[in-house]
Every structure is written in structure tokens, then in C-alpha cells.
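# A structural walkthrough
The chain contents come next:
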Amino acid sequence: MTRITITHATIYRYRAPVKPGPHRLMLRPRETQDLALRSFDLQIAPTARIDWSHDVAGNAIAAASFDATTDTLLIRSVTTVDLTAPAWPVFPIAASAASYPFIYSDADWTDLGALSKPQYVDDAGRLSTWVEQFVMNRPTDTLSLLKDISTGIGAQIAYEIRDAEGTQGPLDTIDLGFGSCRDFAVLLADAVRTLGLGARLVSGYLYDPAGDQLGSAAAGSTHAWVEVYVPGAGWIPFDPTNMSMGSAHLIPVAVARDISQITPVIGSFQGENGDLIALDVTVRVEDERFRRE
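## As for the overall build of the protein
Counting its secondary structure elements, the protein contains 5 helices and 16 strands. In terms of C-alpha radius of gyration, the protein reaches 20 Å, essentially the compact-globule figure of 19 Å for 293 residues. Each of the 293 residues in the protein was classed as buried or not, and the buried ones make up 47%. Counted over contacts in the protein with a minimum sequence separation of 6, partners at least 24 positions apart contribute 74%. By element, 51% of the accessible surface of the protein is carried by carbon and sulfur atoms, the whole surface being about 14100 Å². Charged side chains of the protein number 23 positive and 35 negative; the gap between the two group centres comes to 4 Å.

## Re the pattern of salt bridges
By the definition in use, this model includes 9 salt bridges. Residue Arg3 pairs with Asp82 through a salt bridge whose shortest N-O separation is 2.6 Å. Note that Arg3 is positioned in strand 1 (residues 2-25) and Asp82 in strand 5 (residues 70-83), a separation of 79 residues in sequence. Owing to a relative accessible area of 2%, Asp82 belongs among the buried residues under this scheme. Across the salt bridge formed by Arg13 and Asp280, the nearest N and O atoms sit 3.8 Å from each other. Pair noted here: Arg13 is in strand 1 and Asp280 is in strand 16 (residues 276-287), with a separation of 267 residues, a long-range link. Judged by its relative accessible area of 34%, Arg13 falls in the partly exposed class.

## Quick look at the side chain of Asp34
Within the secondary structure layout, Asp34 lies in the loop between strand 1 and strand 2 (35-45). The side chain of Asp34 sits in the buried core without any salt bridge; Arg200 is the nearest counter-charge, 11 Å away. Contact partners of Asp34, with chain neighbours within four places excluded, come to Asp82, Leu83, Thr84, Ala85, Pro86 and Ser247.

## A word on the nonpolar core
Core analysis: the biggest nonpolar cluster contains 69 residues, and Ile149, Leu197, Val228 and Ile251 have the highest contact counts within it. Here this core gets 9 residues from one element, more than from any other, and that element is helix 5 (residues 181-193). Aside from chain neighbours lying at most four places away, what touches Ile251 is Ile4, Ile6, Pro29, Leu35, Val81, Leu83, Gly204, Tyr205, Tyr207, Trp225 and Val285. Membership of the second largest hydrophobic core comes to 5 residues, among which are Leu206, Trp225, Leu250 and Val255.

## Examining helix 5
Helix length check: helix 5, at 13 residues, gives a terminal C-alpha distance of 18 Å against a target of 18 Å (1.5 Å per residue), a fit within 8%. A large share of helix 5 lies buried, amounting to 13 of its 13 residues.

## Here we look at the side chain of Thr5
By the secondary structure assignment, Thr5 is in strand 1. With a relative accessible area of 0%, Thr5 lands in the buried category. A polar atom in the side chain of Thr5 sits 3.3 Å from the side chain of Thr80.

## Points about helix 3 (residues 142-156)
Here helix 3 is 15 residues long and its end C-alpha atoms lie 21 Å apart, about the 21 Å a rise of 1.5 Å per residue gives. Taken together, the buried positions of helix 3 are Thr142, Leu143, Leu145, Leu146, Ile149, Ser150, Gly152, Ile153 and Gly154. For helix 3, the side-chain oxygen to backbone nitrogen distance between the N-cap and Leu143 is 3.4 Å, and the N-cap itself is Asp141.

## Examining unusual backbone geometry
Of note, the amide linkage connecting Tyr100 to Pro101 takes the cis form, showing an omega dihedral of 5°. Mapped onto the secondary structure, Pro101 falls in the loop between strand 6 (99-100) and helix 1 (106-112). Note that the residue after Arg138, namely Pro139, is joined by a cis bond; omega there is 10°. Note on placement: Pro139 falls in the loop between helix 2 (126-131) and strand 7 (140-141). The backbone of Met243 shows a phi angle near 50°, a positive value even though the residue is not glycine. Within the secondary structure layout, Met243 lies in the loop between strand 12 (234-239) and strand 13 (244-245). The backbone phi angle of His249 is positive, close to 75°, even though this residue is not glycine. Tracing the backbone through its elements, the reader meets His249 in the loop between strand 13 and strand 14 (250-256). Take His249: its relative accessible area is 33%, and that puts it in the partly exposed class.

Cut-offs used in this document
Residues numbered from 1 in each chain as written. Predicted model: local features only at pLDDT ≥ 70, side-chain atom pairs only at ≥ 80, totals over all residues. Heavy atoms only, no water. Helix = DSSP H or I, 4+ residues; strand = E, 2+ residues; numbered from the N terminus. Rg over C-alpha atoms; globule rule 2.2 N^0.38 Å. Buried < 20%, exposed > 50% of the residue type's maximum accessible area, 1.4 Å probe, protein only. Contact = heavy atoms within 4.5 Å. Areas by Shrake-Rupley, 256 points an atom, 1.4 Å probe, with all protein chains shown as cover. Lys, Arg positive; Asp, Glu negative; His and termini not counted. Charge placed at Lys NZ, Arg CZ, Asp CG, Glu CD. Salt bridge = Lys/Arg side-chain N within 4 Å of Asp/Glu carboxyl O. Core = buried A, V, L, I, M, F, W, Y, C linked by side-chain atoms within 4.5 Å. Expected span 1.5 Å × (residues − 1). Polar contact = N/O pair within 3.5 Å; in protein donor to acceptor, adjacent residues only side chain to side chain.

Structural data, given as C-alpha cells:
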């Protein structure tokens, strides 16, 4: 077991006092069999009213509303979790799904719904053609196929840090030959969806004590990856950025069909164009044994 503390701070600075509008915060990690949430503290200045809820995917949502005006808005969460995921996981895939192609049960197919359908328009079928390079045979081993697609993305496409807002479409990432972790995740999700498999995007944090993982700074940072639904095993995590499978080093916060649905902090303010002069985001992911205050 490894106990991790995550400090995630977002600071908005304004040219003059403004009235912050409603903010939607997705900062509280999802508990899983590999992650136990030990504490979560949300700090906001100026003081805000916080209303908690869960969205359709079961993500914890904090809705913040404000009365005061301010020239600085601070949103800071401090979270402690215990990680127990093995480095080499074994997934109990059902016999009916061990080989691809397989057919989901009627109940699974209904519940997966839009998660099994590509999100991006591809009338020419270019993404289907691209993903076929990884399907060696039909039938073929399901888990090996998924690993090959995820690893293939990391091997064929260059990783780059991209701070600009927005995400590239799957074909854009293939054509450009580079992308960020969220671009890699979007490509993987739509690639497996073209094969008829259910996939969802995941946002969260990457714990990187060795400093050898792509997409991290220092011991960790925010990150994006994909979970694919395979009967028997359930949702299996794949991180195409680091060509890895399983939840070791991954701390999920939110899952969704569309990457835009799981942005950690979204909000607005009442003021003039140009009033926002700075936005600073800092993330620390630290082993509790070596944590600095």
C-alpha cells in the first residue's frame, strides 16, 4: 500500500474585482478496489456555498456559488488516498469475451449505449482502417488486442505537453503525429469504439515517484486515460501515453463519454472582457512519507 497526498490549486487573478459565477468542480477521487479515499478537503476563497451531487456516471460534483466580489479566486483541494493496485494485474475476463469479436449481453449493450459508439464523425472510415492494423486475426485475444492498440498509439504518435484548452479529434492526432495525454485518450476511446467495444474517458492524477512516466511533472500531475469494458473483468484501465495497462500509478477522479465532461474546474465571472489577467494551476502528488508542507 502507498499513501498519497494530492494538492491541486487553481488561482484566477483579475484586473479589478469581479463577481464569480457558478463553478463546477470535479476534484474528489473515485473510490475503487485499488484506491481508498482517506481524506478530502476543499478550500475556496472568497467563501463559497458548496452543494454536492453525483452526475449520471457517479462522479462527485461540487457546485460552488459566490456572493462576494474579488480580484483573486482560489480553489484548492487536498486529498489523501491509499493505492493498492498491483504493477502486473490479472483480469478475470469472462470466457464469452476472451476472444474478439464477442457480443455483449443485452443488458450490457443497453447500459453501455453511447459509450460503445464513436464520438467523432468519420464518414470515410479512416479510423476504422487505422485500427485494423492491430487486429491480427478474427478471432483474436481480446486483452492482447486492447494492449496492442493502446501501445500502438504511444509508439506511433509523439507525446507533447500542450497547455492550450481543447482536445484534438482522433484523426487530427493521427494526421499530426503528436498529442497530449488527453489527445491520446480520445484517440484510444474512439478507436476501440469503432470495434464495437464500450469505452469511457478518465481524468485524474498520475503518481510518478520514479519520474519516468510521460505526462507528469515532478512526482505526478493531472492526467487522462481510458477504461474499456470487458465482461468479467469490468472496466480495465489503459494509459496509451505510457503504454500501460491497469491502475498502478493512476488516481481516477471522473469518468465520462466525452473528455469535455470531466474538466476539473469550470466556471465563469461577471465582468469586462480582459478582466482575467492570469490563471495558475499547480498540482503536487506526493508519497505521504516524504510530503512537504
